[in-house]
Amino acid sequence: MRWELSEEQTLFTTSLREWLGERAGSATVRGWLDAGDLFSFERLFVGEGWAGVGFAEEVGGQGGGLLELALTARELGRAAAPSGAWLQSAIAAPALAGEPAIMRETCCPGSESGDFVALAVRADRIPAAIPSVQSSAGRLHGRIPCVLGAAHSRRLLVPVPDGDAVSLWLVDTAEAGVGIQPRSLLDRSRDVGDVALDDVTARRLEIDTAPTLSEIASRAAVLVAADALGAAERMLELAVEYSKQRKQFGQPIGAFQAVKHAAAQMLVTVESAMSIVCYAAQSAEEGLPERATHAAVAKAQVTRGSAELADSALTLHGAIGYTWEHDLQLFYKRAKLDRVLFGTPAAWNERIAAALPLLPALA
């Protein structure tokens, strides 16, 4: 099955791709990364209204849903744009449905503040409660390592064990007792921070936490898969372009059968990933019973395939692919981080296996 976008969705992705080409081209992105500036792009992204796509109009968004957010993530991945804080706010949105003021500050077009919300969980694990954090009398205590985009977020959404259940708490990062120690990553377009909460004042959200956290995990799976899809598409383009330029034995390397086969396999990976991501996003949007499994399939299959495609693209580029000057390294690192971001393929495959009905015993 090949997923076909609507005319409106196609127009949106085309417009966003053109805008990113003008405002976040390779040279510009490299300048931000070299300066360690991961927030200028996100302020620009919010200020010109793009961050509002996929959020309800009632909270200042442009409308649309998870599929539109996935299409946005795909284009951000294609550009290797610094977008960890935007991703975090998109993931945390279900918990903030009753907080229109916060949502408006996060994604409202024309707002240059970009008061993003970060889900305070380990960036390499499936979102869940943090055993190291405890609540007492409206205050939180504990440590959370490797929180994506923590240093650039105005608020933290903290899942805390609550007996046999989980509660969700909002913490303002300006509160006394909040400490954030930034960490750099090999993929310089994203960053993480170690969060320390020392007797910090917090507000518990009065929501049904279990289904909310499940929806947050599914959104994380779909949006990271979409980001990996975008990076994979760009690496395929770079590999094909290079195979037409590089010559051996007097002809372009793209004329050799082995190179053609490798490029064809990369194309199959990209085309299948597009359908998987869009189906998972639409499934979540429509509330299908299997939506959590569809999201798990997207995260496991697409991020694994994109990481493997990155290795193929690197091989096709030969020695130049290993250089800092070539753009391939931007997308290679992006795909490799997406593979483990919010859970490895193995972790998500375990969820898929757990959701499958047990096969009847053989007679």
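Residues numbered from 1 in each chain as written. Predicted model: local features only at pLDDT ≥ 70, side-chain atom pairs only at ≥ 80, totals over all residues. Heavy atoms only, no water.

A. Spotlight on the overall build of the protein. The number of helices and strands found in the protein is 11 helices and 10 strands. Against the compact-globule benchmark of 21 Å for 363 residues, the protein has a radius of gyration of 21 Å, which places it among compact chains. In terms of overall dimensions, the protein has a C-alpha envelope of 75 × 65 × 40 Å along the principal axes. Here the protein, with 363 residues, has 52% of them falling under the buried criterion. With the model as given, the accessible surface of the protein reaches about 15900 Å², and the carbon-plus-sulfur share is 54%. The centroid of the 33 positive side-chain charges in the protein is displaced by 7 Å from the centroid of its 44 negative side-chain charges. (Helix = DSSP H or I, 4+ residues; strand = E, 2+ residues; numbered from the N terminus. Rg over C-alpha atoms; globule rule 2.2 N^0.38 Å. Buried < 20%, exposed > 50% of the residue type's maximum accessible area, 1.4 Å probe, protein only. Areas by Shrake-Rupley, 256 points an atom, 1.4 Å probe, with all protein chains shown as cover. Lys, Arg positive; Asp, Glu negative; His and termini not counted. Charge placed at Lys NZ, Arg CZ, Asp CG, Glu CD.)

B. Quick look at the sheet that holds strand β6 (residues 178–183). Pairing within the open sheet is antiparallel, and its 4 strands lie in the order β2-β3-β7-β6. Looking along the sheet, the strands with just one partner apiece sit at the ends: β2 (133–136) and β6. Between one strand axis and the next, the sheet turns through 15° on average, direction left out of account. Sheet topology places strand β3 (residues 139–148) next to strand β7 (residues 192–201); 8 bridges connect them, and they run antiparallel. Pairing of G142 across the sheet is with L197, part of β7. (Pairing = 2+ DSSP bridges. Axes fitted to C-alpha atoms, helices over the stretch in contact; angles between N-to-C directions.)

C. View of the UniProt feature "domain: Acyl-CoA dehydrogenase/oxidase N-terminal" (unreviewed entry) in the protein. The UniProt entry lists residues 6–96 under the feature "domain: Acyl-CoA dehydrogenase/oxidase N-terminal" (unreviewed entry), expressed in the numbering used here. Note that residues 6–96 is 64% helix and 0% strand, and that its end C-alpha atoms are spaced 29 Å apart. (UniProt positions renumbered as here; feature names shortened; annotations may be inferred.)

D. Main features of the packing of helix α1 (residues 7–23) against helix α4 (residues 66–79). Between α1 and α4, the least distance of the axes is 10 Å, while the angle of their chain directions is 30°. Here α4 runs roughly parallel to α1, going by the angle between their axes. At the point where α1 passes α4, the crossing takes the right-handed sense. Contacts between α1 and α4 pair Q9, F12, T13, L16, R17 and L20 from the former with L67, E68, L71, T72, R74, E75, L76, R78 and A79 from the latter. (Parallel < 35°, antiparallel > 145°, perpendicular 65-115°, else oblique. Left-handed = near helix turned anticlockwise from the far one by under 90°. Contact = heavy atoms within 4.5 Å.)

E. Spotlight on the layout of surface pockets. In this structure, the largest pocket spans a volume of roughly 320 Å³. R2, R74, E233, E271 and M274 are, among the 18 residues lining the largest pocket, the residues nearest its centre. Those elements giving two or more residues to the lining of the largest pocket turn out to be α1, α4, α7 (209–245) and α8 (257–286). A total of 5 residues in the lining of the largest pocket trace back to one element, the largest contributor, which is α8. Per-class residue counts for the lining of the largest pocket are 6 nonpolar, 4 polar and 8 charged. (1 Å grid on protein atoms, 1.4 Å probe; cavity = no way out; pocket = protein on both sides within 12 Å on 5 of 7 lines; lining within 4 Å. Points joined across faces, edges and corners; volume = space filled by probe spheres on them. Nonpolar A, V, L, I, M, F, W, Y, C, P; charged D, E, K, R; others polar.)

F. Representation of unusual backbone geometry within the structure. Even without being glycine, C146 reaches a positive phi, approximately 55°. Residue class for C146 comes out buried when judged on its relative accessible area of 15%. For D199, which is not glycine, the phi dihedral falls at a positive 55°. With respect to the helices and strands, the residue D199 is situated in strand β7. For D199, a relative accessible area of 36% gives the class partly exposed.

G. View of the confidence of the model for the protein. A residue-level look at the protein finds 95% of positions with pLDDT of 70 or above and a mean pLDDT of 91. Across the protein, α4 holds the top mean pLDDT of 98, while strand β9 (residues 247–248) sits lowest at 69. (pLDDT = per-residue confidence, 0-100.)

H. The sheet that holds strand β4 (residues 155–162), seen in detail. Pairing within the open sheet is mixed, and its 4 strands lie in the order β1-β4-β5-β8. Here the strands that pair on one side only, and so sit at the sheet edges, are β1 (117–119) and β8 (203–204). As paired strands, β4 and strand β5 (residues 165–172) are joined by 8 bridges and run antiparallel to one another. Considered in β5, the bridge of P161 is made with V166. Sitting on the sheet, helix α5 (residues 84–92) touches β1 and β4, and the angle it makes with β1 is about 75°. Sitting on the sheet, α7 is in contact with β1, β4 and β5, with an inclination near 70° to β5.

I. A look at the side chain of H317. Note on placement: H317 falls in helix α9 (residues 291–317). H317 sits in the buried class, given a relative accessible area of 1%. One polar contact links the side chain of H317 to the main-chain carbonyl oxygen of L238, over a distance of 3.5 Å. When residues no more than four places from it in sequence are discounted, the contact partners of H317 are L238, A239, Y242, H326 and L328. (Polar contact = N/O pair within 3.5 Å; in protein donor to acceptor, adjacent residues only side chain to side chain.)

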